[in-house]
Each structure stands twice: as C-alpha cells, then as structure tokens.
Protein chains: 4
Amino acid sequence: MDKLEDTQNEPDGRMIPIHRVGIRDLNHPIQFQDGEDEPQSTIARVGMSVALSPDVRGTHMSRFVTLLSEEAEAISVAGLPKVLDTMARRLESAAATLRLEFPFFITKEAPASKATGKMDYTVLLEGVQEDGETTIHLGVRVPVTTLCPCSRNISERGAHNQRGEVVLTIAGDEGLPSVQELIRLVEACASSELYSVLKRPDEKVVTEQAYDNPVFVEDLVRNVAMRMRDMPGIKGYRIEGENFESIHNHNAFAVVVGG
Amino acid sequence: MDKLEDTQNEPDGRMIPIHRVGIRDLNHPIQFQDGEDEPQSTIARVGMSVALSPDVRGTHMSRFVTLLSEEAEAISVAGLPKVLDTMARRLESAAATLRLEFPFFITKEAPASKATGKMDYTVLLEGVQEDGETTIHLGVRVPVTTLCPCSRNISERGAHNQRGEVVLTIAGDEGLPSVQELIRLVEACASSELYSVLKRPDEKVVTEQAYDNPVFVEDLVRNVAMRMRDMPGIKGYRIEGENFESIHNHNAFAVVVGG
Amino acid sequence: MDKLEDTQNEPDGRMIPIHRVGIRDLNHPIQFQDGEDEPQSTIARVGMSVALSPDVRGTHMSRFVTLLSEEAEAISVAGLPKVLDTMARRLESAAATLRLEFPFFITKEAPASKATGKMDYTVLLEGVQEDGETTIHLGVRVPVTTLCPCSRNISERGAHNQRGEVVLTIAGDEGLPSVQELIRLVEACASSELYSVLKRPDEKVVTEQAYDNPVFVEDLVRNVAMRMRDMPGIKGYRIEGENFESIHNHNAFAVVVGG
Amino acid sequence: MDKLEDTQNEPDGRMIPIHRVGIRDLNHPIQFQDGEDEPQSTIARVGMSVALSPDVRGTHMSRFVTLLSEEAEAISVAGLPKVLDTMARRLESAAATLRLEFPFFITKEAPASKATGKMDYTVLLEGVQEDGETTIHLGVRVPVTTLCPCSRNISERGAHNQRGEVVLTIAGDEGLPSVQELIRLVEACASSELYSVLKRPDEKVVTEQAYDNPVFVEDLVRNVAMRMRDMPGIKGYRIEGENFESIHNHNAFAVVVGG
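Residues numbered from 1 in each chain as written. Chains lettered and ligands numbered in written order. Predicted model: local features only at pLDDT ≥ 70, side-chain atom pairs only at ≥ 80, totals over all residues. Heavy atoms only, no water.

**Observations concerning the overall build of chain A**
In step 1: A tally of helices and strands in chain A yields six helices and 10 strands.
In step 2: For chain A, the accessible area works out to roughly 9,400 Å², and carbon and sulfur atoms hold 45% of it.
In step 3: Considering chain A, the positive charge centre built from 27 side chains and the negative charge centre built from 40 side chains are found 4 Å apart. (Helix = DSSP H or I, 4+ residues; strand = E, 2+ residues; numbered from the N terminus. Areas by Shrake-Rupley, 256 points an atom, 1.4 Å probe, with all protein chains shown as cover. Lys, Arg positive; Asp, Glu negative; His and termini not counted. Charge placed at Lys NZ, Arg CZ, Asp CG, Glu CD.)

**A few points about the side chain of glutamate 242 of chain C**
In step 1: Inspection of the secondary structure assignment puts glutamate 242 of chain C in strand S9 (residues 234-243).
In step 2: Side chain to side chain, glutamate 242 of chain C and arginine 24 of chain B meet in a polar contact 2.7 Å long.
In step 3: Ignoring any residue separated from it by four or fewer positions in sequence, one finds glutamate 242 of chain C in contact with Arg24 and Asp25 of chain B together with Gly164, Glu165, Val217, Asn251, Ala252 and Phe253 of chain C. (Polar contact = N/O pair within 3.5 Å; in protein donor to acceptor, adjacent residues only side chain to side chain. Contact = heavy atoms within 4.5 Å.)

**Side note on the pairing of strand S7 (residues 161-172) of chain D**
Residue and element names in this part refer to chain D.
In step 1: Burial within S7 is extensive, with 10 of its 12 residues counted as buried.
In step 2: Sheet topology note: the strand S6 (residues 133-147)/S7 ladder contains 12 bridges and is antiparallel. Bridge pairing in S7 places valine 142 opposite valine 166. (Buried < 20%, exposed > 50% of the residue type's maximum accessible area, 1.4 Å probe, protein only. Pairing = 2+ DSSP bridges.)

**Some details on unusual backbone geometry**
Peptide bonds are, in most cases, trans, and in most cases residues other than glycine have a negative phi.
In step 1: A positive phi is found at lysine 114 of chain C, a non-glycine position, where the angle reads about 65°.
In step 2: By the element assignment, lysine 114 of chain C lies in the loop between strand S4 (95-109) and strand S5 (116-130).

**Details of the pattern of salt bridges**
Two side chains that carry opposite charge are able to pair once their charged atoms sit near each other.
In step 1: Tallied over the full model, the rule gives 97 salt bridges over all chains.
In step 2: Between arginine 184 of chain A and glutamate 187 of chain A there is a salt bridge, with its nearest N and O atoms 3.6 Å apart. A residue pair is termed a helical-turn pair when its members lie 3 or 4 positions apart in one helix, as arginine 184 of chain A and glutamate 187 of chain A do in helix H4 (residues 179-187) at three residues.
In step 3: Residue classification places glutamate 187 of chain A among the buried residues on the basis of a relative accessible area of 5%.
In step 4: Salt-bridge contacts for arginine 141 of chain D lead to glutamate 101 of chain D; the nearest nitrogen and oxygen are separated by 3.5 Å. Within this pair, whereas arginine 141 of chain D is found in strand S6, its partner glutamate 101 of chain D is found in strand S4 (residues 95-109), the two being separated by 40 residues in sequence.
In step 5: Given a relative accessible area of 26%, arginine 141 of chain D falls into the partly exposed group.
In step 6: Looking at glutamate 101 of chain D, the relative accessible area reads 25%, which means it is partly exposed.
In step 7: A single network of salt bridges, built from pairs that share partners, joins Glu10, Asp12, Arg14 and Arg57 of chain A together with Asp219 and Arg222 of chain D. (Salt bridge = Lys/Arg side-chain N within 4 Å of Asp/Glu carboxyl O.)

**Brief notes about the environment of arginine 90 of chain C**
Residue and element names in this part refer to chain C.
In step 1: With respect to the helices and strands, the residue arginine 90 is situated in helix H2 (residues 80-90).
In step 2: Residue arginine 90 is classed as partly exposed on the basis of its relative accessible area of 30%.
In step 3: With 37 residues separating them in the primary sequence, arginine 90 and glycine 127 have C-alpha atoms 17 Å apart.
In step 4: Contacts of arginine 90, omitting those with residues within four sequence positions, involve Arg63, Leu67 and Glu70.

**Section: the relation of the copies chain D and chain A**
In step 1: Of the two same-sequence chains, chain D is brought onto chain A (RMSD 0.0 Å, axial shift 0.0 Å) by a rotation of 180°. Here the symmetry operator amounts to a two-fold rotation axis. For chain D, the residue whose C-alpha comes nearest the rotation axis is arginine 238 of chain D, separated from it by 11 Å.
In step 2: In this assembly the copies share their binding face: 100% of the residues contributing to the interface of chain D also contribute to that of chain A. (Least-squares fit on C-alpha atoms with pLDDT ≥ 70 in both.)

**Examining the packing of aromatic side chains**
What characterises a pair of aromatic rings is the spacing of the ring centres plus the angle enclosed by the ring planes.
All names here are of chain A.
In step 1: Following the criterion strictly, the structure yields eight aromatic pairs over all chains and no others.
In step 2: Their ring planes at 80° and their centres at 6.1 Å tell us that phenylalanine 32 and phenylalanine 104 sit as a pair that is edge-to-face. In this pair, phenylalanine 32 is assigned in strand S1 (residues 18-33) and phenylalanine 104 in strand S4 (residues 95-109), connecting sequence segments 72 residues apart. Phenylalanine 104 matches phenylalanine 32 in its accessibility class, with the two residues each being buried. (Phe/Tyr/Trp six-rings, centres within 6.5 Å; stacked < 30°, edge-to-face > 60°.)

**A word on the environment of leucine 26 of chain B**
In step 1: Following the sequence through the fold, leucine 26 of chain B ends up in strand S1 (residues 18-33).
In step 2: Along the primary structure leucine 26 of chain B and valine 142 of chain B are separated by 116 residues, whereas in three dimensions their C-alpha atoms are 23 Å apart.
In step 3: Apart from residues lying up to four places away in sequence, leucine 26 of chain B is in contact with Ala44, Arg45, Val46, Val65 and Leu68 of chain B together with His250 of chain C.

**Some points on helix H6 (residues 217-229) of chain B**
In step 1: For H6 of chain B, with 13 residues, the first-to-last C-alpha span of 19 Å sits near the 18 Å given by 1.5 Å per residue.
In step 2: Within the span of H6 of chain B, buried status applies to Val217, Glu218, Asp219, Leu220, Val221, Arg222, Val224, Ala225 and Met228 of chain B. (Expected span 1.5 Å × (residues − 1).)

**A closer look at the interface of chain D and chain A**
In step 1: If you look at the interface, chain D gives 56 residues, while chain A gives 56 residues.
In step 2: For the pair chain D and chain A, the summed buried area comes to about 4,500 Å², and 53% of that belongs to carbon and sulfur atoms.
In step 3: For the chain D face of the interface with chain A, the top three residues by lost area are Arg24, Arg222 and Phe253 of chain D, together amounting to 18%.
In step 4: Taken together, the connections running from chain D to chain A amount to 10 salt bridges.
In step 5: Between arginine 24 of chain D and glutamate 242 of chain A there is a salt bridge, and its shortest N-O distance comes to 2.7 Å.
In step 6: The interface formed by chain D and chain A includes 36 residue pairs in polar contact (both at pLDDT 80 or more).
In step 7: Listed by contribution, the elements that provide at least two residues to the side of chain D that touches chain A are strand S1 (18-33), strand S2 (40-52), helix H3 (149-154), helix H6 (217-229), strand S9 (234-243) and strand S10 (251-258) of chain D.
In step 8: For the side of chain D that touches chain A, the per-class residue count stands at 29 nonpolar, 13 polar and 14 charged.
In step 9: As defined by bridge partners, strand S10 (residues 251-258) of chain A adjoins S1 of chain D across five bridges and the pair is classed as antiparallel. Pairing of phenylalanine 253 of chain A across the sheet is with glycine 22 of chain D, part of S1 of chain D. (Buried area = accessible area lost by both parts, 1.4 Å probe. Nonpolar A, V, L, I, M, F, W, Y, C, P; charged D, E, K, R; others polar.)

**A word on the interface of chain A and chain C**
Interface size is often expressed as the accessible area that is lost when the parts come together.
In step 1: The interface of chain A with chain C comprises 28 residues on the first partner and 28 residues on the second.
In step 2: Carbon and sulfur atoms make up 65% of the surface buried where chain A meets chain C, a total of about 2,400 Å² over both sides.
In step 3: Across the chain A-chain C interface, the total number found is two salt bridges.
In step 4: In this assembly, chain A and chain C are joined by six residue pairs in polar contact (both at pLDDT 80 or more).
In step 5: Counting residues per element, the ones that place at least two in the side of chain A that touches chain C are S1, strand S2 (40-52), helix H1 (62-71), S4, strand S5 (116-130) and helix H5 (200-212) of chain A.
In step 6: The dominant element in the side of chain A that touches chain C, judged by the number of residues it contributes, is H1 of chain A, at four residues.
In step 7: The residue makeup of the side of chain A that touches chain C, split by class, is 10 nonpolar, 10 polar and eight charged.

**Regarding the confidence of the model for chain A**
In step 1: In this model, chain A carries an average pLDDT of 96, and 99% of its residues clear a pLDDT of 70 or more.
In step 2: At the level of chain-chain contacts, confidence expressed as ipTM amounts to 0.96, with global pTM at 0.97. (pLDDT = per-residue confidence, 0-100.)

**Notes on the pairing of strand S4 (residues 95-109) of chain B**
For a regular strand, side chains alternate in direction, first toward one face of the sheet and then toward the other.
All names here are of chain B.
In step 1: Taken together, the six bridges between strand S2 (residues 40-52) and S4 define a ladder with antiparallel strand orientation. In the sheet register, glycine 47 faces S4, and the bridge partner there is arginine 99.
In step 2: Judged from the 15 bridges that link them, S4 and strand S5 (residues 116-130) form a sheet pairing that is antiparallel. By the bridge assignment, alanine 95 is partnered in S5 with glutamate 130.

**Quick word on the relation of the copies chain A and chain C**
In step 1: With an axial shift of 0.0 Å and an RMSD of 0.0 Å, the rotation relating chain A to chain C amounts to 180°.
In step 2: The share of interface residues of chain A whose copies in chain C are also at the interface is 96%, consistent with both copies meeting through the same surface.

**Focus on the packing of H1 of chain A against helix H2 (residues 80-90) of chain A**
Residues and elements named next belong to chain A.
In step 1: Two numbers describe how H1 lies on H2: the axes approach to 11 Å, and their chain directions differ by 155°. Taken together, H1 and H2 sit at an angle that is classed as roughly antiparallel. Pair H1 / H2 crosses with right-handed handedness. Listed contacts from H2 to Arg63, Phe64, Leu67, Glu70 and Glu71 of H1 are Lys82, Val83, Thr86, Met87 and Arg90.
In step 2: Looking at side-chain class alone, the contact of H1 with H2 contains four nonpolar, one polar and five charged residues. (Axes fitted to C-alpha atoms, helices over the stretch in contact; angles between N-to-C directions. Parallel < 35°, antiparallel > 145°, perpendicular 65-115°, else oblique. Left-handed = near helix turned anticlockwise from the far one by under 90°.)

What follows is the structure, encoded as structure tokens:
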C-alpha cells in the first residue's frame, strides 16, 4: 500500500510536555501470578500510558494494545519492571505507566461447617517507570464486616453493623508481599471477614465474633496501620476504610497514609 | 439558508415497525410537585421515546429536548398525561413514553434528639401512552436497615444487619398516591428506617428498634405486599427488596408482583 | 454442635407467594463454552433465584452459592436446563432462574494490516424454568461505529459518527445460535465494526467504510431485525441500539421487538 | 435521658494520626452561586472530613451533616473558606476538607437556528484547610466532540470522531475564575462543542466545524494548557482529556499538569 501520512510524528510548536498519554478502560483477559502460586485466569481493566516530549504531536496508541497482547499471559508483580522497560522503549518515552484492576478469588472455608466457596476481592496493580526508576503500587480492595462500638456500648441489645471495605495500597519494588498476604492482614483487622458460603452454624460464629470485635472506621484503618509499621521492604502505604452504614444512606470513611 | 435534505423523512422499504425510538441519559433540572406539596427542585435523568411507523426512516430527535425544556418546570404525576399527548402529537406517533429518574428529599427528625436533616430517596416516574390509553408507573427506591432473624435467633449476642433497599413500583392513572406516602409505607416495613442525622440517643433507639424488628428480605417484601393489597386505585405493583449483606460480598433479593 | 433453630423453615401466615428470591451481584470465575469452541475463562456477575411458596418464611441462600461452585467450570447454553433442574430440586421450588453476565473475547484481525488483538463483548445469559418448561435468553452487547446519514447528506465535508452499542437478546431453547454468530451478525449491521488494534492503513479502511455505510440508530436496529426474521429456532428477539452521540451529551436509542 | 457513654471520645493508645475521617457519598440539594450569577439549584454528592489526633478514638460524624444542612443554601467558591473554618472548629481539628460534585447547567443557543436548550456539565469543587491555610480546587468536566487528524489526513472521505471529555482542575484561592469561564475555555479547544438541541442547519455547522478543526487527545489538552499559561491567580492546574473512541472499545487519554 501507499505510504500514509504520519500525523502523530509531526513536530509540535506549542512546546507543552504531556505528562501521560495512552489508553484506558480496555478490558483484557490476563493470567496473574500471585507470589509462588499457580497463575489465576481473570479479566483486567487496563490503562497504559507514556510521557510525550513537548516537540512531538502524538503517540502511537496501537503499540500499547499489541504490547498488552504479548504480556497478558504472564502478569505478576515481579515481572512488571520488564514490561515497563519494553513499553518505554517501544513508545520512545522516558516514562511509562501500566495499571491493571482485576477481580481476584480465594477459596475459603466457612469457620464451623468448613463448607468452601470462592470469595472475590479486587487487585489494583500499577507500575510506574520514570527517569530509569520503577515503583510498584500494589493495592487490594477487601470487603469486611464492621460493627459499631458506640452502638454496642449504648444499646441494651444488638449493635448496628454493615458491609465495609478497605483499600490498602503499598508502594515498593518487585519484592512486595503477595496479594493474599495483604488480604489476610486486612481481614484480621475488621469485626469479621466475609465469606461466600455460610451455613447456620457459621452464621452464629461470625455474628458473635463481630459483636465481640467492634470497630469504628477509624479503628479499622488504625488496626491495619499497626501491621504496616512492621512490614519490611515497603516505601509507603495508604489505608482507606469505608463503611456502607446500615443506619444512614451515606458512608463513613477514614484514611491513614504512612511510610 | 437553503433547504437541507430531510433524511429522516425518507420512506423506508424494510417495513419494520420500531417499538420505541428517542433519547435517554439526558440530565435536566426539573421542578417536581408531589401531591399538594410545594414543588421541589431536582435534577432528572430523562428518557423520551415514541413508536415509529414501518414506512418512515427516522424520528426527529431535537423535538424531544425542546418539549422537555418547555415542561421541566412543572413535572407531576397528575400532569404526565398532557405531556404525553403533546409528545405523541409533535412526533406524529401513536405511542409515547416519558421516563424520569431523580433524587427526592424529605426532611426528617431523628427519633430522640429531634435533630433534623434531609434524607435522600430516588423517584422513578414513567408515563406510557399507547393507542390512546395512558398508564403511569410510579416507583420509589427507599434505603432501609434490615436485621437478620436467623442470625438473631441462633446467636447469643448481636445479629447481623445491613443497609438494604426496596424498589416499590405501582401502576395506575394520575390519581396515584404521593411519593411521600409510598416512602413512609416502605419504611414502616423494615427493621428500621434510615436518617441523615443521628446523635447518640437516636443511635440507641434505632439499634434497639432494628433488633426488635428482624426481617428477612422475604419478610421485607411481604410486609410491603400486605399494605399494597389494601391500596385503592392501583392497577398493579412490583416490590423488589435487596440486602447488601454484611456477612457476604453479594446481595440477597426478593421480588413480589401483584395486582 | 447443638441443633440451631431453622428460622427460614417457619410457616408464614401472610400467605404471599414470592415470585423470586435469591442472590445477585455475586462475582465468580466461570468456564464458558460457546458452540463447539474451546471453553473460555471469564468472570461472571451471577444472579440465582427461585419461587417461594406462600406458606414458607424463607429460602436457603447458601445452597445457591454451593451449586454455582459445582457448575461454574462448565457453563454453556446447552447445559443450562440441567443446572436449572438441580436448582429447582435443591431449593424445593417450582421455578428457578440463573442469570450470568460476563465479558467474552474474540481475537480479530485488523482489515488491512492483519494485526491481531482481542476485542471484548458482553454476554447476557439467562435461563428460566417455570412449571417444568425452560426458556433460555441469550444476549450479546456489541459495541459498533455509527455514522449519521443526515449529517453526511447535509454537510459538505465529514459526518458525525460515534461509538454505539447494540444489545441483541434472543429467546429459545438449548439449540440457540452461538454467541459468536450473534456478534458477527450485529457487527455487519453497523457503519463499521470495532477493533482493539488498528494501524494507519486499517484506520483508513474503517473511516471510509463507515462513511460509505451511514446508519441512524433506527437503521441499525432494523438491519438486525431483517436478519432475525430468517433465523430458525428462536421464539422471540429484542434489539436495542444506542448511540453515544458525538454532538450531544445524551444518547439516541431505538428498540425493535419481534418473534 | 441518661448520660450515654461517649465511645468516640475515648483515648486511643495506638497513637496513629488519621489523615482524614468523615462522611462521603451523601446526596444533598444545594444552591450554587457561580461568580456574580443568580444561584443555581442542583444536587451535590458531598464528602466532608477532618484530621484526627493520634490520641482520640473517633470523630463525631453527625456534626458534618448538621453543618452541611446549614450551609447548603449558599455554596460558592468565595464562601468556601468560611465553611472550612467552621468545620475545623466544630470538629476540633487542624485540617478540614469539603468536596462537592454536582451537575451544572448552561442554556445554550444552537449555532444556526438559535434554538435554545440546557446543556449539562459537572462541577468538582474541593476546599482544603490545613495548618491555617486554605486551597480551593475547582474542576469542570466538559463533554466535547473530537475529530481525529490522522483519520482525516489518510482517508479520502470522512474522519472518525466521537464524544470526548475534558476534566480541567485549577487550584487557587477564593478569587478563582468562574465555572462558566472555565467551561467556555475548554469548549473552544475541541473540534466542536456539544449542544442539547440541534436542528438540521445546526448539525451541518457542527459537522463541518469539527471536520475543519481536527484534534488528537494530545492536541485537546495542549490547547487547554496554552490558555492556562496566561490565566492569572492560579497556583496550579491539571488537564485530563479522554476520547470515547468511535473505532475502538477503549478510550484514549492524555494528561498535562502545570503551574
């Protein structure tokens, strides 16, 4: 075919650097390997972007999708730096970001009946390469039960409780803890963890356990923060807790940042 | 200006009638009058559509938006039939549908402290004119507290509870009950209603009240159904309850249809 | 352990039948087999429900999740009736519904460069068993390009176009056409199909092809309807088209129902 | 009534400061005054939060809602610092954040027919008070048309175009430009602005105008950045552009940060 004009490669006279340019909201099947586990098949929502020099008009968007196709079968925290290297090189940029958000499943046993079921979480994985240095942000969104300490203390019977959610994000390099380790850590900080299958004897256990472990949203994020203080090899963390309040039509939230 | 070709008015040889064609996901400020109350300013998400004869290629979309602009200051259940008449006439169609979904606020007093705050609900209002007959569907989405009867009965202390939601939709003519009447009716069927402001003495009241009125999602919709049986002037109803379970990461739901 | 009270099995005096009760918004990994293809790993959003007799207080929610765990590795249109049988039997109900919504991927070649990439669609699969009879609803959500015939005809250069979407749902039994057949059928009815990877020569092809095949949202759904008329073995269909208009901040839509 | 235990005011031994704690996803009607205009009635999604000392267990959530009720009738950029003062004082905190996101409407005339209609935008208004200093972030989300320069240059006829969106956020004090000024500025940087009502002569104008003003998503954000350079009284800005590509099922985006 004839040579088609390359409009993206035109020089640009405005001389404005673009911090990031790329694609997002692209859905793609991936294989994600967590720590030493077998890879898990899942579907990621993907964003990929690079920096653009002030003197170039546009980037080449199709290269992102081609690169993703090549790498999607082997996504892991440890493998992220190499993917970012390739992205920066192919897109001819000094900076590159890859962001994936995907459901992650853990098969759990109910506490009394030992009935099993898959419980779903969300992983937020982002790698940023800038000026030759790579930082990885690994986040988990973990649903939990929270039972209100104030409601319990002032009421003669019962206590309001609800589904809550913690988003824990840590920053570091490819030696970060596993997704499962982070999820377990968060679940231990709430009034109770959640399950996909609970029979009656299990429901009794989780109800009483939640009543015995009341937490405000402030307690929830502080409990997680206590455990982050001792975690080696992380450059920083952000803990966000949210309660879908059962007595209000709005949510309560709290944020701790550290590291 | 010159006469521009009217592509929409071309004859269409495929001879396929179009059930509905129009616009949707249009945001527009409206004034909604509920019963005899003062009109309330709110923002509606609007859909408007008509039927299209098998022999015409397209409808004239801009007429919907112009009509909405004219009518938006005076939306009410009672006024819907006239708007539908105008829509059918201007779009030259035998059928017309107008659908509005919008937040609706009620100022409520907390049960003990009497502190006040605005509580938000959602109204779903749809009018359908077909072959000269008009039906109005009026729906309310009402957030509530539900406390699990099973969890309470089997546990030595506490009971899991959560935010739930009821969508009650009734069908009839312009003499339907008010939005506020429907909301109050639903709230009386749950373990507790919700509030935007609750001080400590109020929190004690709602916690104990919820504990004393446990409902499964099945109870919730049946309680509403009991009250719908006695309601005069409605052609049908649909009651959908949903619990955002505090012990699971999925929801429980139940549906009753009647009338 | 001691015998725990079975609150769900209590008799209910309100005598109100519940049309459907169950779970929804549960995320679960599945293997979906389309026609004779290899199964595809994906993540489904699942709803499962049964009818409940007027004289029973509640259903047993944990049984749904256990059943899903057992069946998730082998989901197909052909296998749905058996799953519904099992659900109705285990939940002791005369009616059962299973609904799955999940991303589905097809590897496509760009029209000129033949570069490949995975394109994502959404499948909506619902089976309903009622009084011994089973109906399957199979839907596909297909993104497309639509180019406005009116804009093209009245303008001296260019024509507004945009991303649109068709949701085609057909009803029938386990002999329904494959998901891929439905997607291909819909894509042939738009101004152009979409791709995940397009290089410059491809972009030229799809731009000119869209310009040469303008369709209103009305044309889009009628084009699909023409092809449904000839499709054997379906009991009914519903075609919904929507344009995310590039010149408005609202959408245009059209619906054809038939069969 | 008896004195109820104040669990929130308990001392906390974990000694972890909480960056922010409060409420969010609360819907509330507001009156928003833009510049010198008449106030506009709208519905905001509100977040309110404060910092919490390491030695206190919890904040008092109900005070946020009460404060919002008092202030909701008079929201403006200029009035934000006083609301933040009150929030910090009542919640006894050294830091306070108020965030509102709400639809904002401008009545626009179509370019040829002069037909009028209300066009909707989104305003993102956030005030942060920290250590006695207040910063205001004012953002507008503006939908636009973008037409691809590459597609136009390589194709013999037509050019793919689509709905896009710019989120422009500026930081400064209560002397920031008006919402309308920001919206007009953004709209002038795209291939065409959007309208709610367009008749055929208008559609011809916007189609040809878009064809004559092609912009990549990179051009879009750079065009806005050019105008931000000259804007007085702002401490910083962030420009995010996104195209809902008509030829792909994913989006292209670009970000410029400055100031």
